[in-house]
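Residue-level listing of the chains:
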Amino acid sequence: GEDVEQSLFLSVREGDSSVINCTYTDSSSTYLYWYKQEPGAGLQLLTYIFSNMDMKQDQRLTVLLNKKDKHLSLRIADTQTGDSAIYFCAESKGDYKLSFGAGTTVTVRA
Amino acid sequence: DVKVTQSSRYLVKRTGEKVFLECVQDMDHENMFWYRQDPGLGLRLIYFSYDVKMKEKGDIPEGYSVSREKKERFSLILESASTNQTSMYLCASSLATGVYGYTFGSGTRLTVV
């Protein structure tokens, strides 16, 4: 099965908060990441969290990590149309490999 | 600004053709990766390389090979293209994981007809 799982779709109204959830299986993962993919483009690193942290905030983005449940979430405050994209959760595997989820397609509606 | 460049954005090839996808990075990264991306399946690792002339199979290597003769260039080869290899192909590179994760190229959308 998948190492990293995420729901496939999320629809949110402009101005509301978006929450994208992810579960992972490797408790030894040192870093967990969120990537954003806009239409027709590659993936861009949005943010990361170190495994000994519970929360990280970066402007409109808040990452929450629950190590006990192996649950990671990304909250986007005041969601804008430019936030429409596919968001990938990823966990580090050893020194240089990442394992990605299937991606959550976020659609922002007016 | 660090860059990973994939030589083609769009490619159309015929079944049975040998196809080369090229990827170049300018960051002196040791590690390079090839993924394919399909709707609902996310990113699946085809091959990766952690040094010049070194390669390791990923999760779905069948029907593909790779070449890394120079540190900055990692090529993906479809020996005999088939329609089920129609996909988006993404190249990435990294020093190591950690705060930088991977840097991705813009992708090559390959259609095999």
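Residues numbered from 1 in each chain as written. Chains lettered and ligands numbered in written order. Predicted model: local features only at pLDDT ≥ 70, side-chain atom pairs only at ≥ 80, totals over all residues. Heavy atoms only, no water.

Section: the layout of surface pockets
Piece 1. Estimates place the volume of the second largest pocket at around 380 Å³.
Piece 2. Along the wall of the second largest pocket there are 24 residues; nearest its centre are A:Gln37, A:Ile86, A:Thr105, B:Gln37 and B:Pro39.
Piece 3. Only strand 9 (85-93) and strand 11 (104-109) of chain A together with strand 4 (31-38) and strand 9 (87-94) of chain B provide two or more residues apiece to the lining of the second largest pocket.
Piece 4. Of the residues that constitute the lining of the second largest pocket, the class distribution is eleven nonpolar, ten polar and three charged. (1 Å grid on protein atoms, 1.4 Å probe; cavity = no way out; pocket = protein on both sides within 12 Å on 5 of 7 lines; lining within 4 Å. Points joined across faces, edges and corners; volume = space filled by probe spheres on them. Helix = DSSP H or I, 4+ residues; strand = E, 2+ residues; numbered from the N terminus. Nonpolar A, V, L, I, M, F, W, Y, C, P; charged D, E, K, R; others polar.)

Some thoughts on the state of the cysteines
Residue and element names in this part refer to chain A.
Piece 1. What the rule picks out here adds up to two disulfides over all chains.
Piece 2. Disulfide pairing places cysteine 22 opposite cysteine 89 at an S-S distance of 2.0 Å. One quick way to see it: the torsion about the S-S bond of cysteine 22 and cysteine 89 is about -65°, and its sign makes the bridge left-handed. Within this pair, whereas cysteine 22 is found in strand 3 (residues 18-24), its partner cysteine 89 is found in strand 9, the two being separated by 67 residues in sequence. (Disulfide = S-S within 2.5 Å.)

Some words on the confidence of the model for chain A
Piece 1. Predicted confidence across chain A gives a mean pLDDT of 91, with 97% of residues reaching 70 or more.
Piece 2. For chain A, strand 10 (residues 97-100) of chain A is the element with the lowest average pLDDT, namely 87, and strand 2 (residues 9-13) of chain A is the one with the highest, namely 97. (pLDDT = per-residue confidence, 0-100.)

Describing the sheet that holds strand 1 (residues 4-6) of chain A
Residue and element names in this part refer to chain A.
Piece 1. Within the open sheet, the five strands sit side by side as 1-3-8-7-6. Their pairing is antiparallel. In this open sheet, the two strands that pair with only one neighbour each are strand 1 and strand 6 (55-58). The mean angle between the axes of side-by-side strands here comes to 15°, regardless of whether they run parallel or antiparallel.
Piece 2. Where strand 1 lies against strand 3, three bridges are found, and the strand directions are antiparallel. By the bridge assignment, valine 4 is partnered in strand 3 with tyrosine 24. (Pairing = 2+ DSSP bridges. Axes fitted to C-alpha atoms, helices over the stretch in contact; angles between N-to-C directions.)

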